[in-house]
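What follows is the residue order along each chain.
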Amino acid sequence: MKKGEKNLLSGLSVTLIIVMALMGCSGSGGNTASQEKNSPVSGDTFVLGEKPLEFSFYGHYDWYTMPDWGKDAATKWIKENKKIDVVPISSGGVAKNKLSTMIVAGELPDVIWMDRGADVEKLRSEGMLVPFDDYLNKYPNLKKWAGESTLELLRSPDGKLYQFPNWYTTQPNGNAGYLVNKKIYEELGSPSLETPEDLYVYLKQVKSKYPDVVPLEVGQTAAGVDIMVSAFAENRPHTFNSMIAVPQGDELVSLFTDPVYRELLQYMSRLYREKLVTQDAFTQKLEQVEQKVINGKVAIYVASSPTEFGSKGNNLLKAQDPDAGYIMVWPVHKAELDRNKIFPGDYKQLGWNVSVITKSAKDPEAIFAFLDWFTGPDGQRTIMWGPEGLYWDGTDEEDMPLFTDKFTSDAKGRDELMNATVNFQWNGNTVYVDNSKMKFESTLPPEKRNFETYWQSEITWKTQMNTTEFANLDPASDSEEGIIAQRVFEIYEQVRAKAISSTTSDQEVLSLLDKAEADAQKSGYDKLLKYKTARWQENKAKMAAAK
């Protein structure tokens, strides 16, 4: 999935929100009667299936369109057996405007699925959201699986929890790394690919002997370049690039003056000048990347999730030639570095995005009860692999699904079901799902194991760094720091593209970065770094307190 619109309320006046709240619109803000109505009044728990529950759901992304609830096997079972009906509200491709309109009209949906952080806080600060604290012990799945540390980081400044996380985790996950064309690699003698210099020599060989193949594919917007920063320093995931800030002691400092980032751009500029890397990386579409990978027209593909296309390509290429396909290699790193401290990817305990329940909901506790069931083992098994008796039948002593023979014999049907439910996975439980898959895969012979799961166990999960402490550092888009952040991001994007694709020497790369640093400081970069440093230190304190 791709993250959607982030700056949802930037165009909406805070004053206007307050006015609408005082008028009683949106079920909102300081309305004591509304708060009392929505508060739990007894110790009774809501039991799914005893009575119908219907609620409206709005996915706050331009790209998101919720599929019809009850049309696929999984949600049909939930609708019939748990008596849950979810009514979609579409963004119409203009999420920011849609939400602003609903707030002003006082017609908030019951549930909003959105990015966590500053925009959630805008809704919360105006009293539009329902806190979950009274529900956590009554419905224990979220508390059990997410853990106190994760919940503590999700709490708002008032100390309450309003956000239900999606794909949260307490263990490594992710696929970032280096995918290698097996056929080409073996034909060239399976040389060492450990260091940046090894990689450079190998790419030159590929260019010489395979003129129709891209030596190094770095994907759309050259995203793979950032993954490769891990080659030049220990404990250096690409996260710091996207943060445009680098930890140094107890502070976050400039990315533009960072020696590691400067070395990365010099290296990539060299590869670009010698045509060893994708020449249209900044203009190509994702579909073009996919076609190159699945047709074996790349020697090495570096990405945040290269296994997505790699799995398809591996199957297609092997069908034509048993010796073809893709493998992964341990992340490239400078010779003097510890290979066990090289992290091309990262993961955060908080996962991806969140669901919030608004005060428009007639029965917020019932909705929370559903979300809590949905994130627990029963809900996850159902939404991932369909109702019991199809691709799984019963559970083991660890409450993990016992997959049926059909799970492997009917791969097409299984994948169709899973594809049909992917946009219903609002409360993904990474640990339960990943461990269920991994446990099952370990029972299969190597030739029958899933491509992605195999390389996760061999390499990628071992090379993803926990960067939870750097979550939620971004300021609100309409704040002073938020406006500075936008300017600095534009400078970052421009210098990154120019340094890689339009320079003729290492010195020119450094000169461009020096100018970017000066321009960023003029735009208020130092103030932004101080803001992010403060948020980072707050995160660390919360995590320490939760241990």
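About the thresholds
- Every chain is numbered independently, its residues counted from 1 as its sequence is written.
- Since the coordinates come from a predicted model, pLDDT governs what is reported: local features require at least 70, and pairs of side-chain atoms require 80 or more to be given and counted, while whole-chain, interface and lining totals use all residues.
- As a rule here, side-chain values come from all non-hydrogen atoms in the structure, and water together with hydrogens is ignored.
- Buried Ala, Val, Leu, Ile, Met, Phe, Trp, Tyr and Cys residues form a nonpolar core when they are joined through side-chain atoms within 4.5 Å.
- Here's how the labels work: a residue is buried when its accessible area is under 20% of the maximum for its type, exposed when over 50%, partly exposed in between, all with a 1.4 Å probe on protein chains only.
- Numbering of helices and strands runs from the N terminus; a helix is a DSSP stretch of H or I covering at least four residues, while a strand is a stretch of E covering at least two.
- Here, two residues are considered to be in contact whenever any of their heavy atoms come within 4.5 Å of each other.
- In what follows, salt bridge is the name for a side-chain nitrogen of Lys or Arg lying within 4 Å of a carboxyl oxygen of Asp or Glu.
- One number per residue, pLDDT, summarises how confident the predictor is, and it ranges from 0 to 100.
- Strand pairing is assigned whenever DSSP identifies at least 2 bridges connecting the two strands.
- Each pair of aromatic rings taken from Phe, Tyr and Trp, with Trp reduced to its six-membered ring, is defined by centres within 6.5 Å and is described as stacked if the planes are under 30 degrees apart, edge-to-face if over 60, and tilted in the remaining cases.
- Counting as a charge over the ring demands two things of the Lys NZ or Arg CZ atom: a distance within 6 Å of the ring centre and an angle within 35 degrees of the ring normal.
- The distinction between a cavity and a pocket rests on a 1 Å grid over the protein atoms alone: a 1.4 Å probe fits inside a cavity but cannot get out, while a pocket stays open yet meets protein on both sides within 12 Å along at least five of seven lines, and a residue with an atom within 4 Å of a point counts as lining.
- Grid points are joined across faces, edges and corners, and a volume is the space filled by probe spheres set on the points.
- As a working rule, the residues Ala, Val, Leu, Ile, Met, Phe, Trp, Tyr, Cys and Pro are called nonpolar, Asp, Glu, Lys and Arg charged, and the rest polar, with Gly in that last group.
- Only C-alpha atoms enter the line fits that serve as axes; for helices the fit covers just the stretch in contact. Angles between N-to-C directions range over 0 to 180 degrees.
- Here, expected helix span is obtained from the residue count minus one, scaled by 1.5 Å.
- Angular relationships are summarised with four words: roughly parallel below 35 degrees, roughly antiparallel beyond 145, roughly perpendicular across 65 to 115, and oblique for the angles in between.

A. Local environment of the nonpolar core. Among the nonpolar cores identified, the biggest contains 83 residues, and Leu216, Met228, Phe256, Met268, Leu271, Ile300 and Tyr525 are the most heavily contacted of them. Broken down by element, the residue count for this core peaks at eight residues, all from helix 11 (residues 259-273). In this structure Phe256 touches Ile244, Arg262, Val488, Ile491, Tyr492, Val495, Leu513, Ala516, Glu517, Ala520 and Tyr525, once residues within four positions along its chain are discounted. In terms of nonpolar packing, the next biggest core, distinct from the first, is built from 74 residues, Tyr61, Val111, Val356 and Ala361 among them.

B. The arrangement of the pattern of salt bridges in detail. Following the criterion strictly, the structure yields 33 salt bridges and no others. Put simply, Asp133 and Arg155 hold a salt bridge, and the shortest N to O gap is 2.5 Å. Placement of the pair is Asp133 in the loop between helix 5 (118-125) and helix 6 (141-154) and Arg155 in the loop between helix 6 and strand 4 (164-165), with a sequence separation of 22 residues. With a relative accessible area of 17%, Arg155 lands in the buried category. With a closest N to O distance of 3.6 Å, Glu397 and Lys439 form a salt bridge. Note that Glu397 is positioned in the loop between strand 13 (392-395) and strand 14 (401-403) and Lys439 in helix 18 (residues 430-441), a separation of 42 residues in sequence.

C. The confidence of the model for the protein chain, seen in detail. On average, residues of the protein chain score 91 in pLDDT, and 92% of them reach the 70 mark or higher. Counting contacts from residues 1-42, a segment whose pLDDT is below 50, to residues more than four positions away or on other chains yields 85 contacts.

D. Region of the structure containing the pairing of strand 13. Two strands pair when backbone bridges link them, and strand 13 and strand 14 are joined in this way by two bridges, in the antiparallel orientation. When the sheet's bridge partners are listed, Thr395 is paired in strand 14 with Pro401. Here strand 13 hands over to strand 14 after five residues, with Asp399 in that stretch at a positive phi of 65 degrees.

E. Representation of the packing of aromatic side chains within the structure. In total, this model carries 36 aromatic pairs according to the counting rule given. On the basis of an interplanar angle of 50 degrees and a centroid distance of 5.8 Å, the ring pair of Phe55 and Phe370 is categorised as tilted. Of the two residues, Phe55 sits in strand 1 (residues 53-59) while Phe370 sits in helix 14 (residues 364-375), which places them 315 residues apart along the sequence. Overall, the relative accessible area of 1% leaves Phe55 in the buried class. Taking 4.9 Å as the distance between ring centres and 80 degrees as the angle between the ring planes, the aromatic pair formed by Tyr454 and Trp455 counts as edge-to-face. Judged by its relative accessible area of 29%, Tyr454 is partly exposed. Against the face of Tyr200 rests Arg270, its NZ or CZ located 3.7 Å from the ring centre. One cation-aromatic arrangement involves Arg535 over Tyr531; the distance from NZ or CZ to the ring centre is 4.5 Å.

F. Highlighting the environment of Ile342. Of note, Ile342 is situated in the loop between strand 10 (326-329) and strand 11 (345-347). Sequence-wise, Ile342 and Asp410 are 68 residues apart; in three dimensions their C-alpha atoms are separated by 38 Å. Apart from residues no more than four positions distant in its own chain, Ile342 is found in contact with Ser230, Ala233, Glu234, Pro331, Val332, His333, Leu337 and Thr463.

G. Representation of empty space enclosed by the protein in the model. Taken as a whole and assessed by the stated rule, the structure comprises one cavity of 30 Å³ or more. Considered as a void within the structure, the largest cavity measures approximately 40 Å³ in volume. In this structure, the largest cavity is lined by Val218, Ala222, Val225, Tyr272, Val277, Thr278, Ala281, Phe282 and Ile500. Residue composition of the lining of the largest cavity, grouped by class: eight nonpolar, one polar and no charged.

H. Examining the sheet that holds strand 9 (residues 298-303) more closely. The strand order across the open sheet formed by four strands is 6-9-5-10, and the pairing between neighbours is mixed. Looking at strand neighbours, the two that pair on one side only are strand 6 (214-217) and strand 10, the edges of this open sheet. If you compare each strand with its neighbour and ignore which way they point, the axes differ by 20 degrees on average. Two strands pair when backbone bridges link them, and strand 5 (residues 177-181) and strand 9 are joined in this way by four bridges, in the antiparallel orientation. Within the sheet, the bridge partner assigned to Tyr178 lies in strand 9 and is Val302.

I. Structural view of helix 14. Between its first and last C-alpha atoms helix 14 spans 17 Å; for twelve residues at 1.5 Å apiece the expected length is 16 Å, and the two agree. The element helix 14 is extensively covered by neighbouring structure, given that twelve of its twelve residues are classed as buried. Looking only at helix 14, the buried set comprises Pro364, Glu365, Ala366, Ile367, Phe368, Ala369, Phe370, Leu371, Asp372, Trp373, Phe374 and Thr375.

J. Representation of the packing of helix 14 against helix 15 (residues 377-385). As a packed pair, helix 14 and helix 15 sit with axes 4 Å apart at the nearest point and diverge in direction by 70 degrees. By the criterion of interaxial angle, the relationship of helix 14 to helix 15 is roughly perpendicular. Residues Trp373, Phe374 and Thr375 of helix 14 lie in contact with helix 15, whose contacting residues are Pro377, Asp378, Gly379, Gln380, Thr382 and Ile383. Taken together, the residues of the contact of helix 14 with helix 15 break down into four nonpolar, four polar and one charged.

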